[in-house]
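Each chain, written out:
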Amino acid sequence: MRFGKKGMNHIMDSISRLVDMPYEPANGEWNDVHKRLMNGRKKFEQAATQTMDAVIHISSMDLTLATNVETVEQVNDSIASAVDTIHESISSTANIASEISKAHESLTETMIEASDASTGIMDEIQNCEDELTSITDLSASAIDTVTEMNTEMHGLLNIIQNMNEAISTISSISSQTNLLALNASIEAARAGEAGRGFAVVAEEIRKLAEETKTLTGNIGNFLSSIQNASKKTSDSVDTTVSKLEHINERIQNVWKITGNNRSGMIQITDSVSSLAAVSEEISSSMGELDNQMKYVTTQCQNLKSNTESLEISSHSIAELVEPVKEVEKQLDASTKIMGEMAQDAFYMLDNQVVLDSLNSATTAHQKWLDTLKDMSRTGVMKALQTDCTKCGLGHFYYSYKPLNPKVIQVWNGLEEKHKTFHSYGTKMIDAIRSGSSQLDKIYDEAEKCSKELISDFQKLIQIIRELTKEHIRIFE
């Protein structure tokens, strides 16, 4: 089949640039060649897109695995440390429990002794009360007896007073008799011989009166001594009564104290009984505590065994990271090869593929920023990609190089901003590990950088859309 020179040039141009051309019957096999090449490029686009998605997912999985392995190791170390601490605490608790048990046994013995002692004290208090009752009875009887004696002493003093009055009368009579006898002697002397016998009688009467006076004087002195002694005795009796009454009051006070002691001892006895009941509960609790400690010890041993298994598993997972990294490396190399191939017309990607990648990168970028925000608020580490070459945009950005001048102008400005943006992830991780208080400040700076990146993404998307309307590909 022959073609005109102009027609042949159009066909070759369409095939060399792989742009749409009319499939006219006159083109013959060139139509099939063009279709095969176009279909091949579509397949290449699909392969490139799928490879890009795969390397992005692998990077995410690599980051997740690495982060989780680190987290699992930290958790495992924390659990192992906690198990050791718990085990030490259990041992310490067991020792303390043993000491408490010994102290409790000593306390029980002390309570038994206190109970016996309180019983003995109660008996002593009862004996004391019995003695006080006897003393009170004796004191009352003594008061009655002394009171009666006092009454009799007052009666004796009255009798002595009467006797003193009688002696005083006798003494007065003796004095008068003595005077009369003296007068009679004088008169008898005047009478001479006739009065001599009367004078003898008068003299005898006078002597009798003198003796009577002397005798009554002695009796008076004796009665005076008796009266003084009786008065002293009466005063002593009054003092004795007063003291006995005071003693009785003291005995009543002792009664009250003894009653209070009885009440106190009853309370002590009740307290000892309550302590005995509490002691039983403590004994029961100590037994239960011992059982619980044995159970916890068993669980700690199981947990320690599990931590060892977990450590083995974490090492196994860590070993998986290396093959994943190798796969990621190979896929990344494949995307770069595809990026180089994309600059050839036969493998050139459609603008829509780039738009889809930019939209995906924008979504992934926002998720990254949300994760950073959550870390700044909670201070908790999370899986966060800090390598700008391994994020959604990074894989695409460093694999495909657009050639359109309008696109390149914005495209080349992304790299530095993108590196700066991911550096805030490193800063956030370091700040959390060091316990810094600058988390909010780091996020604010990252958010400001993010707005600039998103603005550049939107500019690129707008430029690519305009080029698409003009049927211009960014790789040509």
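Please read all numbers here as calculations on a predicted model, not as lab measurements.

**Quick look at the nonpolar core**
Consideration 1: Judged by nonpolar contacts, the single largest core of 50 residues is most densely connected at Leu349, Leu358, Leu372, Tyr400, Val407 and Met428.
Consideration 2: Elements represented by at least two residues in this core include exactly α2 (29–191), α4 (351–378), α5 (392–397), α6 (405–411), α7 (414–434) and α8 (439–469).
Consideration 3: When residues of this core are assigned to their parent elements, the largest contribution, 13 residues, is made by α8.

**Concerning the confidence of the model for the protein**
Consideration 1: Taken over all residues, the pLDDT of the protein has a mean of 76, while the share at 70 or more is 75%.
Consideration 2: Within the protein, α8 carries the highest mean pLDDT (93), whereas helix α1 (residues 5–17) carries the lowest (65).

**Points about α8**
Consideration 1: With 31 residues, α8 ought to run about 45 Å at 1.5 Å a step, and its terminal C-alpha atoms sit 45 Å apart, in line with that.
Consideration 2: Residue His471 follows α8 closely and has a positive phi angle near 60 degrees.

**Considerations on a nonpolar patch on the surface**
Consideration 1: The grouping of Ile86, Tyr295 and Val296 at the surface amounts to a nonpolar patch, some 260 Å² of accessible area in total.
Consideration 2: Structurally, Ile86 is set in helix α2.

**Thoughts on unusual backbone geometry**
Consideration 1: Within the chain, His471 stands out as a residue other than glycine whose phi angle is a positive 60 degrees.
Consideration 2: By the element assignment, His471 lies in the segment after α8.
Consideration 3: We classify His471 as exposed; its relative accessible area is 70%.

**Describing the packing of α4 against α7**
Consideration 1: At a closest axis distance of 11 Å, the pairing of α4 and α7 adopts a crossing angle of 20 degrees. The angle between α4 and α7 falls in the class roughly parallel. Here α4 runs over α7; the crossing is left-handed. The segment α4 lies against α7, with His365, Trp368, Leu369, Leu372, Met375 and Ser376 engaging Phe421, His422, Tyr424, Gly425, Met428, Ile429 and Ile432.

**Here we look at the packing of α7 against α8**
Consideration 1: Look at α7 against α8: their axes get within 9 Å of each other, and the N-to-C directions meet at 160 degrees. One way to sum up the angle between α7 and α8 is to call them roughly antiparallel. Regarding α7 and α8, the two cross each other, and that crossing is left-handed. Of the residues in α8, those touching α7 at Leu414, Lys417, His418, Thr420, Phe421, Tyr424, Lys427, Met428, Ala431 and Ile432 are Leu439, Ile442, Tyr443, Glu445, Ala446, Cys449, Ser450, Glu452, Leu453, Asp456, Phe457 and Leu460.
Consideration 2: Residues that form the contact of α7 with α8 fall into these classes: 14 nonpolar, 3 polar and 5 charged.

Analysis parameters
- Residues numbered from 1 in each chain as written.
- Predicted model: local features only at pLDDT ≥ 70, side-chain atom pairs only at ≥ 80, totals over all residues.
- Heavy atoms only, no water.
- Core = buried A, V, L, I, M, F, W, Y, C linked by side-chain atoms within 4.5 Å.
- Buried < 20%, exposed > 50% of the residue type's maximum accessible area, 1.4 Å probe, protein only.
- Helix = DSSP H or I, 4+ residues; strand = E, 2+ residues; numbered from the N terminus.
- pLDDT = per-residue confidence, 0-100.
- Expected span 1.5 Å × (residues − 1).
- Patch = residues over 30% accessible without salt bridge, like charges linked within 9 Å, V, L, I, M, F, W, Y side chains within 5 Å.
- Areas by Shrake-Rupley, 256 points an atom, 1.4 Å probe, with all protein chains shown as cover.
- Salt bridge = Lys/Arg side-chain N within 4 Å of Asp/Glu carboxyl O.
- Axes fitted to C-alpha atoms, helices over the stretch in contact; angles between N-to-C directions.
- Parallel < 35°, antiparallel > 145°, perpendicular 65-115°, else oblique.
- Left-handed = near helix turned anticlockwise from the far one by under 90°.
- Contact = heavy atoms within 4.5 Å.
- Nonpolar A, V, L, I, M, F, W, Y, C, P; charged D, E, K, R; others polar.

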